[in-house]
Amino acid sequence: MSMDNYGSEGGMMSEINVTPLVDVMLVLLTVFIVTAPLLMNSVAVKLPKVAATTSLQKMNDVKVSITSVADVYVDQTKIPATSLEAELKKRNTQGDLQVQIMADEKVAYREVAKAMAQIQRSGVTKFTFVMLPDSATHATK
């Protein structure tokens, strides 16, 4: 409340100060904007499985296969596991090489991690893991 010194009657003038109200509303709006996308992902949904529509082999793709006994193949050519980085550096002349990693399900994780580290050190920034769709694994068992 403030005193009204301008009036001739000398009474009190009561006003609502809206500045704190606006500040609180802006904070609430910011919290809502930040948390709304998080709330959208909280619903558990089982998505349908579909067949892949894109080709796995592209012109600048290299397939790196790791067998169950940790043998490393680059496009069906067996190489020593330690020379994967050098082999990929030779093939990555234009800087747009993409690597598809196909690791046997029984291979130790450390072997896959070593291959991934060599792929990254070779300058390849795009690599993917190739796996069978879930329906194909049930059909083979």
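Participant: Describe the overall build of the protein, listing the residues and the values that go with them.
Facilitator: Helix and strand counts for the protein come out as four helices and seven strands. Ordered by position from N to C terminus, the α and β elements of the protein give β-β-α-β-β-β-α-β-α-β-α. The buried share of the protein, reckoned over its 141 residues, is 16%. Put simply, 60% of the contacts in the protein that link residues at least 6 apart link residues at least 24 apart.

Participant: Account for the pairing of strand β7 (residues 126-129), naming residues and giving values.
Facilitator: Where strand β6 (residues 98-103) lies against β7, four bridges are found, and the strand directions are parallel. The partner of Ile101 across the bridge, within β7, is Phe129. For the crossover that starts at β6, traverses helix α3 (residues 109-121) and ends in the parallel β7, the hand is right-handed.

Participant: How would you explain the packing of helix α2 (residues 84-91) against α3 if you had to name every residue and give the values?
Facilitator: Contact pair α2 / α3: the axes reach a minimum separation of 8 Å and the direction vectors enclose 35 degrees. Between α2 and α3 lies a crossing of right-handed hand. Residues Leu84, Glu85, Leu88 and Lys89 of α2 touch α3, and the partners they reach there are Ala115, Gln118, Ile119 and Arg121.

Participant: Before we move on, can you summarise the pattern of salt bridges with the specific residues and values?
Facilitator: Counted by the stated rule, this structure contains eight salt bridges. Between Arg91 and Asp75 there is a salt bridge, with the nearest N and O atoms lying 2.8 Å from each other. Pair noted here: Arg91 is in helix α2 and Asp75 is in the loop between β4 (72-74) and β5 (77-79), with a separation of 16 residues, a long-range link. Residue Arg91 is classed as partly exposed on the basis of its relative accessible area of 33%. Where Lys114 meets Glu111, a salt bridge forms, and the shortest distance between an N and an O atom there is 4.0 Å. One end of the pair is Lys114 and the other is Glu111, both in helix α3 and three residues apart, which spans about a single turn. Judged by relative accessible area, which is 48%, Lys114 ranks as partly exposed. Each of the salt bridges in this network shares a partner with another, and the network as a whole consists of Asp75, Glu87, Lys90 and Arg91.

Participant: An account of the sheet that holds β4 is needed here, citing residue identities and associated values.
Facilitator: Read from one edge to the other, the open sheet built from five strands follows the order β5-β4-β3-β6-β7, with strand pairing classed as mixed. In the strand order of this sheet, the two ends are held by β5 and β7, each with one partner. Going from strand to strand, the sheet's axes swing by 30 degrees on average, the running direction of each strand aside. The sheet strands contacting α2 are β3 (61-66), β4, β5 and β6, and the helix crosses β4 at an angle near 5 degrees. Docked against the sheet, α3 engages β3, β6 and β7, running at close to 160 degrees with respect to β7.

Participant: So what's going on with the environment of Ile66? Residues and values would help.
Facilitator: With respect to the helices and strands, the residue Ile66 is situated in strand β3. Given a relative accessible area of 4%, Ile66 falls into the buried group. The sequence separation of Ile66 and Ala81 amounts to 15 residues, and the corresponding C-alpha distance is 9.2 Å. Once residues within four sequence positions are removed from consideration, Ile66 is found in contact with Asp71, Met102, Ala103, Asp104, Val107, Glu111, Val112 and Ala115.

The rules we used
Residues numbered from 1 in each chain as written. Predicted model: local features only at pLDDT ≥ 70, side-chain atom pairs only at ≥ 80, totals over all residues. Heavy atoms only, no water. Helix = DSSP H or I, 4+ residues; strand = E, 2+ residues; numbered from the N terminus. Buried < 20%, exposed > 50% of the residue type's maximum accessible area, 1.4 Å probe, protein only. Contact = heavy atoms within 4.5 Å. Pairing = 2+ DSSP bridges. Right-handed = clockwise from strand over helix to strand, strands pointing away. Axes fitted to C-alpha atoms, helices over the stretch in contact; angles between N-to-C directions. Left-handed = near helix turned anticlockwise from the far one by under 90°. Salt bridge = Lys/Arg side-chain N within 4 Å of Asp/Glu carboxyl O.

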